[in-house]
Structures are given as structure tokens and as C-alpha cells.
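Structural description and commentary
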Amino acid sequence: MNAHALVVGASSGIGLAVARRLRHDGFQVSGLARRAAPVDAAHRSFGCDLSDPAGGGVEEAIAAAVAALGEPEVLCYCAGHAALGATLAVPTEAARRSFEINFWGLDRCVRAVLPRMSARRKGSIVAVLSLAALRAIPHETYYAAAKAAADRYLGCLAHEAARDNVSIKTVYPGYVPTGFFERAGWHGMERPAVSGSGVSPEDVAKAVARLVEGAASRAVVGWRERAIVLGDRLLPGAYDRLLKRRSR
Ligand SMILES: NC(=O)c1ccc[n+]([C@@H]2O[C@H](COP(=O)([O-])OP(=O)(O)OC[C@H]3O[C@@H](n4cnc5c(N)ncnc54)[C@H](OP(=O)(O)O)[C@@H]3O)[C@@H](O)[C@H]2O)c1
């Protein structure tokens, strides 16, 4: 039986592309989301709601996926939702929901899967984060804070997981035209126009697949995003000054 890859947030966008890519690479794939996957998707869908602090059926969905396809060798967390806009106009409830999905949902899945991987001394956990985890982006305050929290959480966890031969990996895309930005809750302002075409969900999926196969532990996706991260390292504050000048 081929190895099992469990993709959280596999019903659309990046998660669906990751599920297809891992299937193409020989994994048996299970997908978690509220919606079932489209009919052409080559994976088994299991329903749950990651925004529910009471559990949302996440543990049950993972247990059902394990019963169907065996112990997971890969967990890829792609689920996400963003509360965006003018910071003080974002209702606390919407900000909390963003943390539930982007941070606590990840923690819930890790808690369900990591002990299984540790017991077998085998596995990779990959999380699709965001450029917003690495730098401050205007009007993404709560989303960026949740992604940055997830980044630090995984960085800490990686030290413990390594002792059990489980690797923790992170992916940082910029804009990906999946409808995510449009589906986000926009508060206190109109949704701004996106500049540039971004990278495709398939490009992000390729980066995920490379991390699953290789030794690297992180990938920034997109030349523009890599340039921004490099610029932040070499000329700290320069890109922020440019953003501030543009917003005047
Ligand atoms: N698109 C971008 O520009 C971009 C850029 C950087 C990072 N990212 C990150 O990439 C990841 C995937 O985003 P995407 O662009 O592929 O967006 P997407 O098409 O909206 O996909 C989001 C996925 O998360 C699932 N999800 C959302 N809320 C959920 C909930 N309450 N319970 C269970 N599943 C839930 C959705 O499934 P259901 O709706 O069926 O539940 C869907 O499968 C996210 O973590 C996002 O933060 C996206």
C-alpha cells in the first residue's frame, strides 16, 4: 500500500493542487475540509470545521482518514481564512476565527498526527503559511499575526519532533490567485486591487512536494517574494519605507 498523505484544506485552491500533486507522486491522499473535494479530485474527502473551538470533528475526520488509508507519512496543512482590512475595524470575533483556522486548527491536527508519526519514527509535517508570517503587510494584521504565531510554533516544535525523526517544514507564498483574497472578510475598507499575477497553486504544490521529498525545511514561493525576503535581510526597513510612502 502506498504511503498516506493527509492534506488539510484540500477542497480548493492550494490544498487541492497539493492533493493532486502528492497523488501524482504516488501517495494515497486524504483531504479534510468542510466541503467535499470536487469530483475530479483523486483523494478521499473527510468533513470537519477547523473554526470550531470545540473540535469541529477534526479528530474524528483524521481517525476516519487513518482507518481508510493507514498511518499518515505526510500531514500538509493548507487550510486558511483571513480577516483583513483596517485593524481596528476588524471585529474581535472575526480576528479570533482567523486564529482558530490559521493557528489552532493547525495545532489540533498536529496533536492528532504527530504522536502517530513519532511512534513510527517517520513523517513530515508541512504547513502552507504566508509571506505575511515573515514580514508585516498592511491590512493583514490578524492574519499575519496568526501565520507568524504558526511559524514560531512550528519552529519550536521542529526541535522536539526531530528527536523522533519527524520533520517540520514551512512554505511561504505571496499572492496566489485562488479566490482566497476575495473570500477574505474585508473590514473598514474596500478590498484593494491586487498588483501582479502572483504564483499558481501548482507552483506552491511543487514547492510542497519538493520539501516532502528533500532535506530542505522551508521554501519562499515566487521570485518577487524571495526578493522581498532577501531585501528585508540585506536592507532592513527599506521595503517598509516604500510601502509607507505608497500608502500616503
Ligand atoms: N491565496 C493566496 O494568495 C495565499 C497566499 C499566501 C498564503 N496562502 C495560504 O494558503 C492556504 C490555502 O489558501 P488558498 O489560497 O488555497 O485558499 P482557499 O482556496 O480558500 O482554500 C482554503 C482551504 O481551507 C479550507 N477551510 C477554510 N475554512 C475552513 C474551516 N473552517 N474548516 C475546514 N476547512 C476550512 C477550505 O475548505 P472549505 O471551505 O471546504 O472548508 C479550503 O480547502 C491558506 O492557509 C492561506 O492562508 C494563500
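To start, this report covers the structure provided alongside it. (Residues numbered from 1 in each chain as written. Predicted model: local features only at pLDDT ≥ 70, side-chain atom pairs only at ≥ 80, totals over all residues. Heavy atoms only, no water.)

1. Details of the pattern of salt bridges
The final tally for this structure, using the stated rule, is ten salt bridges. Notably, a salt bridge pairs R21 with D25, separated by 3.6 Å at the nearest N-O pair. By relative accessible area, R21 is classed as partly exposed at 30%. A single network of salt bridges, built from pairs that share partners, joins R135, D232 and D240. (Salt bridge = Lys/Arg side-chain N within 4 Å of Asp/Glu carboxyl O. Buried < 20%, exposed > 50% of the residue type's maximum accessible area, 1.4 Å probe, protein only.)

2. Focus: the site of the ligand
Surrounding the ligand, one finds 29 residues, the nearest of these being R34, R35, Y143, G174 and T178. Here S51 contributes a backbone N or O atom positioned 3.5 Å from a nitrogen atom of the ligand. At 3.3 Å from an oxygen atom of the ligand is found a main-chain nitrogen or oxygen belonging to C78. In isolation the ligand has 870 Å² of accessible area, and contact with the protein removes 96% of it. Listed by contribution, the elements that provide at least two residues to the shell around the ligand are α1 (13-24), α4 (141-162) and α5 (180-183). Of the residues assigned to the shell around the ligand, the class counts are 15 nonpolar, nine polar and five charged. (Near = heavy atom within 4 Å. Polar contact = N/O pair within 3.5 Å; in protein donor to acceptor, adjacent residues only side chain to side chain. Areas by Shrake-Rupley, 256 points an atom, 1.4 Å probe, with all protein chains shown as cover. Helix = DSSP H or I, 4+ residues; strand = E, 2+ residues; numbered from the N terminus. Nonpolar A, V, L, I, M, F, W, Y, C, P; charged D, E, K, R; others polar.)

3. Side note on the pairing of strand β6 (residues 123-128)
With six of six residues buried, β6 is to be regarded as a mostly interior element. On β6, burial covers both faces: G123, I125 and A127 on one face and S124, V126 and V128 on the other are all buried. By the bridge criterion, four bridges tie strand β4 (residues 72-77) to β6 in an arrangement that is parallel. The partner of C76 across the bridge, within β6, is V126. As defined by bridge partners, β6 adjoins strand β7 (residues 166-173) across six bridges and the pair is classed as parallel. Pairing of S124 across the sheet is with S167, part of β7. Of the crossover connections in this fold, the one passing from β6 over α4 to the parallel β7 is right-handed. (Pairing = 2+ DSSP bridges. Right-handed = clockwise from strand over helix to strand, strands pointing away.)

4. Things to note about the nonpolar core
Core analysis: the largest hydrophobic core is formed by 39 residues, its most contacted members being V8, I62, L75 and Y77. For this core, the secondary-structure elements that each account for two or more residues are β1 (4-8), α2 (58-69), β4, α3 (92-120), β6, α4, β7 and α7 (223-234). In terms of residue count, the dominant contributor to this core is α3 (nine residues). Among all residues touching I62, those that are not within four sequence positions of it are L6, L32, C109, A112 and V113. Counting 26 residues, the second-largest nonpolar core is a separate cluster that includes A5, A17, F27 and V221. (Core = buried A, V, L, I, M, F, W, Y, C linked by side-chain atoms within 4.5 Å. Contact = heavy atoms within 4.5 Å.)

5. Side note on the pairing of β4
Remember that side chains alternate between the two faces of the sheet whenever the strand is regular. For β4, the tally of buried residues reaches five of six residues, placing the bulk of the element in the interior. Examined bridge by bridge, β1 and β4 share five bridges and lie parallel to one another. In the strand pairing of β4, V8 is matched with Y77.

6. Some thoughts on the packing of aromatic side chains
All chains considered together, the criterion is met by five aromatic pairs. When the centroid spacing of 5.7 Å and the interplanar angle of 50° are considered together, the rings of Y143 and F180 count as tilted. One end of the pair, Y143, is in helix α4; the other, F180, is in helix α5, and 37 residues separate them in sequence. Among the residues examined, F180 registers a relative accessible area of 26% and is labelled partly exposed. With centroids separated by 6.1 Å and ring planes inclined at 75°, the aromatic side chains of Y175 and F181 adopt a geometry described as edge-to-face. Exposure remark for F181: the relative accessible area of 16% places this residue in the buried category. Grouped by ring-pair contacts, the aromatic residues F103, W104 and Y153 constitute a single cluster. (Phe/Tyr/Trp six-rings, centres within 6.5 Å; stacked < 30°, edge-to-face > 60°.)

7. Let's talk about the sheet that holds strand β9 (residues 218-221)
Read across the sheet, seven strands follow the order β3-β2-β1-β4-β6-β7-β9 without closing on themselves; strand pairing throughout is parallel. With partners counted over all chains shown, the strands left at the sheet margins are β3 (44-47) and β9, one partner each. For this sheet, the mean angle separating the axes of adjacent strands, direction not counted, is 20°. For strand β2 (residues 28-33) and β3, the ladder comprises four bridges, and the chain directions are parallel. Bridging from a neighbouring strand, A33 pairs with G47 of β3. Contacts between α1 and the sheet are confined to β1, β2, β4 and β6, with β1 contributing the most and set at about 170° to the helix. This element, α3, spans β1, β4, β6 and β7 of the sheet and lies at about 170° to β4. (Axes fitted to C-alpha atoms, helices over the stretch in contact; angles between N-to-C directions.)

Taken by themselves, the reported measurements are silent on function.
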